[in-house]
Each structure stands twice: as C-alpha cells, then as structure tokens.
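# Coordinate inspection notes
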Amino acid sequence: SSGINAEWPLRPGGQKNVGDHIKTLFDGEIPTDNDNESFVKSLEKAQLHGMGVRFVIIGSENSVGKWLNGGRQGNGQNYQCFARHFICNPVGPGQGTFFEQTLLLGEVRYDDITMQIDEMARSEGIDQSQIKYGDNIVYDRMVEEASVRCQRRLANIIQCIAKCGLYPICISGGNEDILGMGYGVHLGRTMATGTKANISIGNLDCHGDFKSIEDRGAHSGNGYSFLKYIGCLEKYAVLGLSPYENRQAMMERLISFNCWYRFLDDISLTGASSRPSLHTSVIDMLKYLDTEDSSEVLGLTVDLDVTEDLPTVSCPATIGFTRSQVHELVQEFTRYSKPYFLLIAEGMPDVSTPLTEGNNRVLGKYQAALVSCFLRNSIIVPHI
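A short tour of the structure in this document, coming up.

Reading the values: the criteria
Residues numbered from 1 in each chain as written. Predicted model: local features only at pLDDT ≥ 70, side-chain atom pairs only at ≥ 80, totals over all residues. Heavy atoms only, no water. Helix = DSSP H or I, 4+ residues; strand = E, 2+ residues; numbered from the N terminus. Buried < 20%, exposed > 50% of the residue type's maximum accessible area, 1.4 Å probe, protein only. Contact = heavy atoms within 4.5 Å. Areas by Shrake-Rupley, 256 points an atom, 1.4 Å probe, with all protein chains shown as cover. Pairing = 2+ DSSP bridges. Axes fitted to C-alpha atoms, helices over the stretch in contact; angles between N-to-C directions. Salt bridge = Lys/Arg side-chain N within 4 Å of Asp/Glu carboxyl O. Core = buried A, V, L, I, M, F, W, Y, C linked by side-chain atoms within 4.5 Å. Left-handed = near helix turned anticlockwise from the far one by under 90°. Nonpolar A, V, L, I, M, F, W, Y, C, P; charged D, E, K, R; others polar. Polar contact = N/O pair within 3.5 Å; in protein donor to acceptor, adjacent residues only side chain to side chain. Phe/Tyr/Trp six-rings, centres within 6.5 Å; stacked < 30°, edge-to-face > 60°. Lys NZ or Arg CZ within 6 Å of the ring centre and 35° of its normal.

This next bit is on the overall build of the chain. From N to C terminus, the chain includes twelve helices and eight strands. A buried classification covers 54% of the 384 residues belonging to the chain. Looking at the chain alone, contacts between residues at least 24 apart form 78% of all its contacts between residues at least 6 apart. When the accessible surface of the chain is summed, it comes to about 16,100 Å², and 48% of that surface belongs to carbon and sulfur atoms.

This is the structure:
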C-alpha cells in the first residue's frame, strides 16, 4: 500500500477501501530524470508482468499558469486532498475490478522550478501575494518560462505512460496542464503505434479556455490553443459555458477554429423545456468529436470551476452545474465514448483547514467520485 494509505485504517467491520485494491510503484514524487528510462521500465513492468494495470493516476501540483491567467495561485495540495479521500472510499460488492486495474503513481513536483521564482521575488523585494501580471516585466517573463518548463516535465511523464499503452488520469492544480497532458498523450501514442496520434477533447467548463497563445505565455486559459498551434489537437468541444464569464473575443476564436460549444443556459437541467437535456448535450458533443480515424485519441477534461457552490476552486463560476450534474456528465461521456485520458483541474483546497474537514472534504470526495465514475464507466458496456 502507498504511504498515503498507511495513515488510514480499515473502516469498521473490516470493510475494504479503494486503497486496498489499487496498486502503487512510488511513494511521493514521480522520478523526473531527463530520459525517464527507469520510469518507463517500471511502467512496462506494471503492465506486462502480472500487475494488470490499465489506468494510471498522477497528481500535478503546477499552479503558476493560473497566476498568468489572473486566477488565484494554487497551494500544491489538490492531489493530496483527492488522494486522501479516494483511497478511503468504500468498495461495494463486485466493484473492486476497476480499482485493481488502477495504479496510483504519485505527484509530479515542480518545486525546483518554482523555487527559482521565489528566490527572484525575494531578491527584488516582490510580494508574491500582491503582484499581478504587468507589474514587473522581469517577474512576468520568469513565470512564463517556468510555466513552459512545467508543461514539458508533465508531457515527458504522460508520454511515458501513453507509450506503455496505459490510460492517464491527472488531478491537476491548473487547467494549463492540458498542454502537458495532451502533448504527452500525442507523443506517447504516436511512438507506440508508429502513426501520428492526434487528439480531440471534450471539456466541461464555464470558461472557453481558448485564448490566444500570444496572451501571457502558457496558462490555464490557452492550453487548448497551444495544442491546436502545435498541430496535435483535432477537435475541441466545451460544454457548460457561462454567459457571464466569456468575452466576445473568446467566442469569436471558438467559432473561427470550428470548435463546438454549448452554454449552460441553453441546456434543460430539469428536462422540463424544449432545450437539450444533459444526456442530449453529451451525445451532441460526442457526435461532433466522433471520427473515423482509428489513430485519433479522445480525452475528457473537467474544470472544477464549472461546479456551482464549490468555493475551493481557482475561479468560482457565477453559475454552474451541480456536483450531481457534473457526475452525470462524466458518466454519460465516459460510458458512450471510452475516452483515453481524464484531466480534473482547478481544485484549490483551503490551507487553513485540514484536508479531511469542511470544504476540503467536499472537494476531495467530489474529485474521488468523478475519478471512480470514470474508471467504472470506462470498463462497463453501455446499454443503448
């Protein structure tokens, strides 16, 4: 069992938890050496020598891209918040199968990169809790460079996972990590198959997140645009847009790049109107994302900002889906499409409260439920 799981006893009556079924390779940080040769060998062993692993869960505690996009800078605790609740979830009869195919790998850390920003800020007398983009051009450029380095590191890890034919799940501090996730999957699947593997992504989000790549470097608002610029993003669809959170320039970019989108208020959340239901909206999204190209890879991203009444996120939405509705959307999308990867982003625990209490407990259990939903519906065959 993992180091995290060691802190948690069995539930009363000896009931099994998720932590008793999932597999681990490393406690804590994932090795981030340049060639990752030992890391790849470890993953290949996990898949090919009896462990039966299919899904790999990692944490990415990068949050510098959120600052570049004007959001609250993260605190590096989102993955821990998720993991502590995920491993303690009870496992019902017959539900252990998909957890036994899951590897809880650990965290990709960026402390060495962000430490250089901290040192620069101290030497220049900059208060990082107050500074905003544009206040100090030297600081801005350093954070932009750091964000790119973080994405390269994440892409290197994801590439290793995808090359081994494993399905990556990432619990992220910021949605800029879609750049590292998407590019890593593209590279890994291309290397594994010998054919260029473009990706298409369905995003549950109140923001379009398709800003120009010339806007403040790589950040949480333009990761999909970077993937399009690189040439590996085939189609992009976003469901749940808030009419109060997206400027005209954003909508024009989505239209000009032939992206699919649907606003929250264009969906019937109760089924009592003529507007498309949640189920119909997912099916419409998947019809757009569908392709006859067998080499194309489909992914699902969930920006937790799309959830209403969830204060522990980077940029809380004015309006959004309920947690139950987001769970239903993940279930429907996964059941009918079997996506290759999942990214859950923008969780921001309250550091003044223990990770197992209050709003942090809600955030951790919510993310754990979404991952469990993805795993379960990736395996079962839908009844159409």
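Spatial strand order, S2-S1-S3-S8-S7-S4-S5-S6: eight strands in an open sheet with parallel pairing. The open sheet has two edge strands, strand S2 (102-108) and strand S6 (260-263), and neither has a second partner. Adjacent strand axes in the sheet meet at a mean angle of 15°, parallel and antiparallel pairs treated alike. Two elements, strand S4 (residues 199-204) and strand S5 (residues 233-241), share six bridges in a ladder whose sense is parallel. Directly across from glycine 202, in S5, lies its bridge partner alanine 237. Where helix H6 (residues 137-163) meets the sheet, it contacts strand S1 (55-60), S2 and strand S3 (167-172), and its direction lies at approximately 170° from that of S1.

This part covers the pattern of salt bridges. Applying the stated criterion across every chain yields a total of five salt bridges. Arginine 109 is the partner of aspartate 111 in a salt bridge, and the nearest nitrogen-oxygen pair spans 3.1 Å. Its relative accessible area of 35% is what places aspartate 111 among the partly exposed residues. The partner of arginine 153 in a salt bridge is aspartate 112, and the shortest N-O contact between them spans 2.9 Å. Taken together, the residues span a long stretch of sequence, with arginine 153 in helix H6 and aspartate 112 in helix H5 (residues 111-124) at a distance of 41 residues. Since its relative accessible area comes to 19%, arginine 153 is described here as buried. By relative accessible area, aspartate 112 is classed as partly exposed at 40%. Several salt bridges converge on common partners, so that one network encompasses Glu107, Arg109 and Asp111.

By size, the foremost hydrophobic cluster in this structure holds 58 residues, and its most contacted members are Leu43, Ile58, Leu105, Ile161 and Leu254. At ten residues, the largest contribution of residues to this core is made by H6. Judged by nonpolar contacts, the second largest core, of 54 residues, contains Ile169, Leu300, Leu342 and Tyr366.

Within the fold, glutamate 44 resides in helix H1 (residues 37-48). A relative accessible area of 33% means that glutamate 44 is categorised as partly exposed. Glutamate 44 sits 116 residues away from cysteine 160 along the chain, and the two C-alpha atoms are 9.4 Å apart.

Among the nine residues of helix H3 (residues 78-86), eight are classified as buried, and the element is accordingly described as predominantly covered. The complete set of buried residues in H3 reads Asn78, Tyr79, Gln80, Cys81, Phe82, Ala83, His85 and Phe86.

All right, on to the packing of H6 against helix H7 (residues 177-193) then. Running from amino to carboxyl end, H6 crosses H7 at an angle of 35°, the nearest separation of the two axes being 7 Å. Relative to H7, the crossing made by H6 is right-handed. Between H6, through Gln151, Leu154, Ala155, Ile158, Gln159, Ala162 and Lys163, and H7, the contact on the second element is made entirely by Asp177, Leu179, Gly180, Met181, Tyr183, Gly184, Val185, Leu187, Gly188, Arg189, Met191 and Ala192. By residue class, the composition of the contact of H6 with H7 is eleven nonpolar, five polar and three charged.

To continue, consider the side chain of glutamate 346. As for its position among the elements, glutamate 346 is in the loop between strand S8 (341-345) and helix H12 (358-379). One polar contact links the side chain of glutamate 346 to the main-chain amide nitrogen of asparagine 175, over a distance of 2.7 Å.

At aspartate 309, a position not held by glycine, the phi torsion is positive, near 55°. By the element assignment, aspartate 309 lies in the loop between strand S7 (297-303) and helix H11 (323-337). Of note in this structure, glutamate 346 is not a glycine but carries a positive phi near 85°. Glutamate 346 gets classed as buried once you look at its relative accessible area, which sits at 3%.

Attention now goes to the packing of aromatic side chains. Enumeration over the complete set of coordinates arrives at eleven aromatic pairs. Ring plane angle 25° and centroid distance 4.4 Å describe the contact between tyrosine 224 and tyrosine 236, whose orientation is recorded as stacked. With tyrosine 224 in helix H8 (residues 223-230) and tyrosine 236 in strand S5, this residue pair connects regions lying twelve residues apart in the sequence. This pair shows no difference in class: tyrosine 224 is buried, exactly as tyrosine 236 is. Of note, arginine 54 hangs over the ring of tyrosine 167, and the distance from its end group to the ring centre comes to 5.1 Å. For the cation-ring pair, lysine 235 lies above tyrosine 288, with the distance from its terminal atom to the ring centre recorded as 5.7 Å.

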